[in-house]
Each structure stands twice: as C-alpha cells, then as structure tokens.
Amino acid sequence: LQAGKAASCINAVQQGMNNPFGLFGKGTIVAVIDTGIRAESMEFRNADGSTRILNIWDQTTGTEYDRSQIDEALQNETKDTAGIPGADVKLGLAAKNGFPRTTQLMEALDYVVRKAIDYGKPLAVNISFGNNYGDHTGSSLLENFINDIADSWKCSICIGSGNEGLGAVHTGGTLTEDTEETVELAVSSYETGLSIQIWK
C-alpha cells in the first residue's frame with residue numbers, strides 16, 4: 001500500500017510544508033465502473049458489518065440497489081451483489097463474454113455523476129475496463145462524452161491504461177488502389193471473441 005501511494009504521488013497531497021491542509025479524500029464518493037466487486041468483502045463494510053456502499057446499479061438486470069437493500073442482502077447473505085464504497089455500476093455486456101457497448105459505459109458515467117450531484121459530494125470515478133476502440137485522437141463520441149461529463153460536476157475520472165504495456169495493439173499502413181496488404185493478427189487460444197476496427 002505504501003509503495004502504491006508513493007508511486008501515485010498520494011503522499012505529496014497528504015503532507016508537506018506546501019500543503020498544510022492535507023487532502024485525504026474525506027467526503028468524496030468513489031465510483032467503480034466494471035463488472036462488480038463482492039459487497040460482502042470487509043473492505044467495503046463498516047466496523048459494525050453494515051455496508052459502505054451507497055448504491056449499486058446492475059446494468060445486466062436494470063436493477064438499482066440502495067444502501068438499505070444492500071445491508072438487507074448482506075444480513076441474509078442470499079444475494080450475490082457487487083459493489084464498492086460509493087455508487088457502483090455493474091456494466092452490462094453486449095454479448096456473452098463480450099465487452100460492454102460504448103453507450104453502456106456512457107450511461108454508467110451519467111448514473112454515477114447524477115448520484116454524486118444528488119448526494120452533493122465530489123466524485124472520483126474509476127473505469128476499470130478498457131478497449132482499444134477508436135482512432136485515439138480524442139475526438140471520438142466516447143472521448144468527447146467523458147470530457148464533457150467531467151466538466152459537469154466536481155469529479156475526477158480515471159481510466160485504466162491497459163494491460164498490454166508496450167505491446168502493439170494497433171497496426172497501420174498505407175493502402176493504394178488495386179493492391180492487397182496482409183495484416184497479421186495474434187489471437188490467444190483463450191480469446192472467445194475478436195473485434196476488428198478499421199480507421200482511415
């Protein structure tokens with residue numbers, strides 16, 4: 001934890017001569033947009049066992065759970081709810097073993113920002129899934145939506161940088177009339193689906 005805080009420059013905003021007030025995020029809602037986290041984990045519960053989660057919206061069923069419903073499920077331990085401290089969204093999937101659609105991600109962002117406005121609290125959003133869609137110029141519908149919604153309230157939106165590291169997930173080239181080009185794609189045996197986009 002300490003190494004992670006140092007690498008993320010957290011210590012610099014929590015201490016130091018030039019930062020006499022210290023920023024610890026108290027009063028901030030944390031929202032995670034992903035496939036969900038187990039609500040029964042003690043990391044997401046208070047000392048008395050009650051939930052720290054404010055809301056869960058399960059896009060796969062269209063169901064929203066509030067804190068009292070989550071606490072009831074935890075007491076009965078009959079429901080496999082997923083969530084985090086804050087307003088969580090369990091993203092729906094476009095198809096079996098597929099990725100959520102861009103519109104589902106946009107709906108999820110809209111949901112957590114509206115919840116933060118309702119609660120009157122600042123918001124930190126973690127988008128834990130990613131894809132390689134788009135032309136990566138910052139001009140796609142999703143990129144513009146994230147920029148716009150980030151300006152609509154006191155929020156910070158963090159997006160995972162991906163697990164590929166320095167791996168090449170894109171290729172490029174020049175196509176000319178009446179010619180053929182061969183592009184090789186590496187697909188692992190565990191992959192259940194493949195999506196290819198062509199941008200010009």
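Scroll up a little and you will see the structure.
Everything in this summary refers to the structure shown in the same document.

## Some points on helix 4 (residues 102-119)
Next up, step 1: Look at helix 4: 26 Å from first C-alpha to last across 18 residues, which is about the 26 Å you get at 1.5 Å a residue.
Next up, step 2: Backbone geometry just after helix 4 places G120 at a positive phi near 65 degrees.

## As for the side chain of T51
Next up, step 1: Examined against the element boundaries, T51 turns out to sit in the loop between strand 1 (29-34) and strand 2 (55-58).
Next up, step 2: A relative accessible area of 1% means that T51 is categorised as buried.
Next up, step 3: What T51 contacts, discounting residues up to four positions off in sequence, is F44, R45, N46, R67, I70, D71 and L74.

## Examining unusual backbone geometry
Next up, step 1: In the Ramachandran plot, C9 falls in the positive-phi region, its phi being about 65 degrees despite a non-glycine side chain.
Next up, step 2: Structurally, the position occupied by C9 is in the loop between helix 1 (2-7) and helix 2 (10-14).
Next up, step 3: Phi at D178 takes a positive value of approximately 65 degrees, unusual for a residue other than glycine.
Next up, step 4: In this structure, D178 sits in the segment after strand 6 (155-159).

Calculation criteria
- Residues numbered from 1 in each chain as written.
- Predicted model: local features only at pLDDT ≥ 70, side-chain atom pairs only at ≥ 80, totals over all residues.
- Heavy atoms only, no water.
- Helix = DSSP H or I, 4+ residues; strand = E, 2+ residues; numbered from the N terminus.
- Expected span 1.5 Å × (residues − 1).
- Buried < 20%, exposed > 50% of the residue type's maximum accessible area, 1.4 Å probe, protein only.
- Contact = heavy atoms within 4.5 Å.

What is shown is where atoms sit, not what they do.
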